[in-house]
Amino acid sequence: CLIAPIVTIVIVNRLENKDKIMSFFGLGSGGLQIKITVNGTPDSHPNDIVYLRHRPSWKVRKNVFTVLKNHDNNNNAQLIQQQQRGIVPNKNNNRIMVYSCDHDTEGSITLTMGHGKKLDHMGIQVKFFGRIDMEGGVHEGRPHYDFISLSKELLPPGSLYDTRTVPFNFRGVEKLHETYHGRNVSVKYFVQVEVKRQWLPPITAEHEVLVQIPGVEPSVNEPIKMEVGIEDCLHIEFEYEKRCYHLHDVICGQINFLLVRIKIKHMELAVIRRETSGEGLAQSAAMGGPNGGGGGGAGGGTHTTGNSSKAGQNIVTETQTLLKYEIMDGAPVKGELIPVRLYLKGIPADVTPTYHAENNRFSVRYFLNLVLVDEEDRRYFKQQEIILWRKNLG
C-alpha cells in the first residue's frame, strides 16, 4: 500500500521538473554554473583580434547586397566614442571576435554555486582542443580527429560553495588550420572545462575560439589562359589575370570568341565551392576521385552532392554555387571580346581560403564555371580552379 503512492510522486515530479530528476540520477550540473571568458579585444590587440558581423557558416545568404553594407563598421566607431564619453555600457563580451593564429589563448573560468548549495568534485581541469569534426556527413571511421589536445589542472579535489574565478592560459600553441564550418566537416578550436565527480559523469562546458590565419601571396601567380570549344562549331579563348586571389580581391579577365557556328543565347559566370571530406582524401585525389577538377562539354546542370568509395574509403563531396550572373546576352560574333570583372567581396557567403587535403581528411576548392546556353537550351561549360588566400583578419 505504501509503494504505489511513492511511485506516483516520482512520476509526477519527473513530468513537472526534468532537471531535478537528472540531478537526482547524476546527469545534471548539480546547480553549478560555468562561465568561460577569453581575454583580449580589438582595442587591446588590434593586430590579432577583430570583430565579425556574424558567426561563420557554409550557407549562402539570400540577399546579395547585405555583404556590401558597412553599417556595422560605422556603428562600431560610434559605439566606441560613446563608451569613451560614458554614455552607454560596454557590450563587447556579447560580440563575435576572431583571433589570429599567433594569439595566445588565455582567460578565466568562473565557477558559481547557488546560495546554500555544495558540490564535491574530484578535480577540475581546463582543456584546449583543435578538432576536425566530420559528424555532419556519413563517414566511416572516427567522427572527429583532434590535432591539438592539451590539458591543465585548475583546482585539486575539494568542494565548491560559492563563486570562484580561476585564470588559465595556453601559450605558444601552434594553430595549423583555420576555423572552418562547412556542410559536412568543420575545423574548430575550443576551451573545455571538466569537473570530475565520484561515481557520476563529469560536468563539462565549452567555449569556441575562432581562429584565422593571414597568409602571403604565392610567389608564382601566373595568368590563366586556355582555349576550349567544340570542333567546327565553337572555339573560345578565356583569360584571367592571375590564378591566386585574396578574399577581397577582384577577378579580371576577358573571353574571346574565335569561332562561332552555333546560336548562343547567353553566357553565365559562376563561382563554385567544392567541399570534399573523408578518410584517405589525398589517396582518393591521386586515384582520380571526386576531388578532381572540372571539365567542358554539354551538360544539363551543376553537380550538387555525391559519394564515392575507393579502397574502403568513403568520400563525400558537396558542391555549392556561391554566385552566378549573366555576362553576355545575345549571339556573339567572331572576334568579339567579353570583359569579366567579379568582386569576391560581393559573394553572399563566407568565402574561405583554399584547403588542400588538410590532415588527409578534407579539402575546400573554388572554381570559376563558365556556361554558354544556346537557343535549344543546351549548356556548354568549362570549370577552372582558382586559389584563394587570406590577406587580413575579418
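Cut-offs applied
- Residues numbered from 1 in each chain as written.
- Predicted model: local features only at pLDDT ≥ 70, side-chain atom pairs only at ≥ 80, totals over all residues.
- Heavy atoms only, no water.
- Helix = DSSP H or I, 4+ residues; strand = E, 2+ residues; numbered from the N terminus.
- Buried < 20%, exposed > 50% of the residue type's maximum accessible area, 1.4 Å probe, protein only.
- Contact = heavy atoms within 4.5 Å.
- Areas by Shrake-Rupley, 256 points an atom, 1.4 Å probe, with all protein chains shown as cover.
- Salt bridge = Lys/Arg side-chain N within 4 Å of Asp/Glu carboxyl O.
- Pairing = 2+ DSSP bridges.
- Axes fitted to C-alpha atoms, helices over the stretch in contact; angles between N-to-C directions.
- Polar contact = N/O pair within 3.5 Å; in protein donor to acceptor, adjacent residues only side chain to side chain.
- Phe/Tyr/Trp six-rings, centres within 6.5 Å; stacked < 30°, edge-to-face > 60°.
- Lys NZ or Arg CZ within 6 Å of the ring centre and 35° of its normal.
- pLDDT = per-residue confidence, 0-100.

Novice: Is there a simple way to explain the overall build of the protein in this structure?
Specialist: When its secondary structure is counted, the protein shows four helices and 24 strands. Across the 394 residues in the protein, those meeting the buried criterion constitute 43%. Here the analysis covers contacts within the protein between residues at least 6 apart in sequence; of these, 73% occur between residues at least 24 apart. Here the protein displays about 21700 Å² of accessible surface, and carbon together with sulfur accounts for 50% of that area.

Novice: I would appreciate a short explanation of the pattern of salt bridges in the present structure.
Specialist: Where charged atoms of side chains with opposite charge meet at close range, the side chains can pair. Across all of its chains, the model carries 13 salt bridges by this definition. Here K127 and E194 are joined by a salt bridge, their closest N and O atoms 3.4 Å apart. In this pair, K127 sits in strand β6 (residues 124-133) while E194 sits in strand β11 (residues 186-197), placing the two residues 67 residues apart along the sequence. Owing to a relative accessible area of 13%, E194 belongs among the buried residues under this scheme. Residue R390 pairs with E178 through a salt bridge whose shortest N-O separation is 2.6 Å. Taken together, the positions of R390 in the segment after β24 (379-389) and E178 in the loop between β9 (163-170) and β10 (180-181) put the pair 212 residues apart, joining distant regions of the chain.

Novice: Sorry if this is basic, but what is going on with the sheet that holds strand β4 (residues 105-113) here?
Specialist: Within a sheet, neighbouring strands are paired by backbone hydrogen bonds and run either parallel or antiparallel to one another. The three strands are arranged β1-β4-β9 in an open sheet whose pairing can be described as antiparallel. Each edge of the open sheet is held by one strand with a lone partner, namely β1 (32-38) and β9. Strand-to-strand twist of the sheet, defined as the mean angle between neighbouring strand axes without regard to direction, takes the value 20°. Bridge count for β4 against β9 is eight bridges, and the pairing is antiparallel. Considered in β9, the bridge of G107 is made with F168.

Novice: Whenever I open this one, the sheet that holds strand β16 (residues 250-260) confuses me. Can you help?
Specialist: Overall, antiparallel pairing links the four strands, which are arranged β13-β14-β16-β21 in an open sheet. The open sheet has two edge strands, β13 (224-230) and β21 (337-343), and neither has a second partner. Taking the axes of each pair of neighbouring strands and ignoring which way they run, one obtains an average angle of 20° across the sheet. One ladder, built from seven bridges, connects β13 with strand β14 (residues 234-240); its direction is antiparallel. The partner of G229 across the bridge, within β14, is H235.

Novice: What exactly am I supposed to notice about the side chain of D350 here?
Specialist: Position of D350 among the secondary structure elements: in the loop between β21 and β22 (355-358). Within the local environment of D350, its side chain forms a polar contact with the side chain of H54, the two groups lying 2.9 Å apart. Non-local contacts of D350, meaning those with residues more than four positions away in its chain, are made with H54, R55, P56, S57, R61 and R273.

Novice: Where do I start with the packing of aromatic side chains in this structure?
Specialist: Geometry of an aromatic ring pair is reported as the spacing of the ring centres plus the angle between the planes. Taken as a whole and judged by the stated rule, the model has nine aromatic pairs. Ring plane angle 20° and centroid distance 6.2 Å describe the contact between F128 and Y189, whose orientation is recorded as stacked. With F128 in strand β6 and Y189 in strand β11, this residue pair connects regions lying 61 residues apart in the sequence. What makes Y189 buried here is its relative accessible area of 0%. Through a chain of ring-to-ring contacts, three or more aromatic side chains come together here, namely F128, F147, F168, F170 and Y189. The lysine or arginine in question, K152, covers the ring of F170, its NZ or CZ lying 5.2 Å from the ring centre. One cation-aromatic arrangement involves K188 over F190; the distance from NZ or CZ to the ring centre is 5.6 Å.

Novice: For this particular structure, what's the right way to read the environment of R365?
Specialist: Tracing the sequence through the fold places R365 in strand β23 (residues 362-374). The class for R365 is buried, based on a relative accessible area of 13%. Put simply, R365 and R274 are 91 residues apart on the chain and 5.3 Å apart in space, counted from C-alpha to C-alpha.

Novice: Please explain the side chain of E385 as it appears in this structure.
Specialist: Residue placement: E385 occurs in strand β24. At 2.6 Å, the side chain of E385 forms a polar contact with the side chain of R365. Leave out the neighbours within four places in its chain, and E385 touches I224, R243, R365, Y366 and F367.

Novice: Would you take a moment to explain the environment of R131 for this structure?
Specialist: Among the secondary structure elements, R131 is positioned in strand β6. For R131, a relative accessible area of 16% translates into the label buried. Beyond its immediate chain neighbours, meaning those up to four positions away, R131 contacts H144, Y145, D146, F147, S186, V187, K188 and F190. A polar side-chain atom of R131 sits 2.6 Å from a polar atom in the side chain of D146.

Novice: Would you explain the confidence of the model for the protein in this entry?
Specialist: Detailed reading of the predicted coordinates is not advisable wherever pLDDT falls low. The share of residues in the protein with pLDDT of 70 or more is 74%, and the mean pLDDT across the chain is 78. Put simply, helix α1 (residues 3-16) is where the protein has its lowest mean pLDDT, 34, and strand β15 (residues 244-246) is where it has its highest, 95. Counting interchain partners and residues more than four positions distant, the pLDDT-below-50 stretch residues 82-92 has ten contacts. A low-confidence stretch, residues 290-312 stays under pLDDT 50, and its non-local contacts, those more than four residues away or across chains, total 57 contacts.

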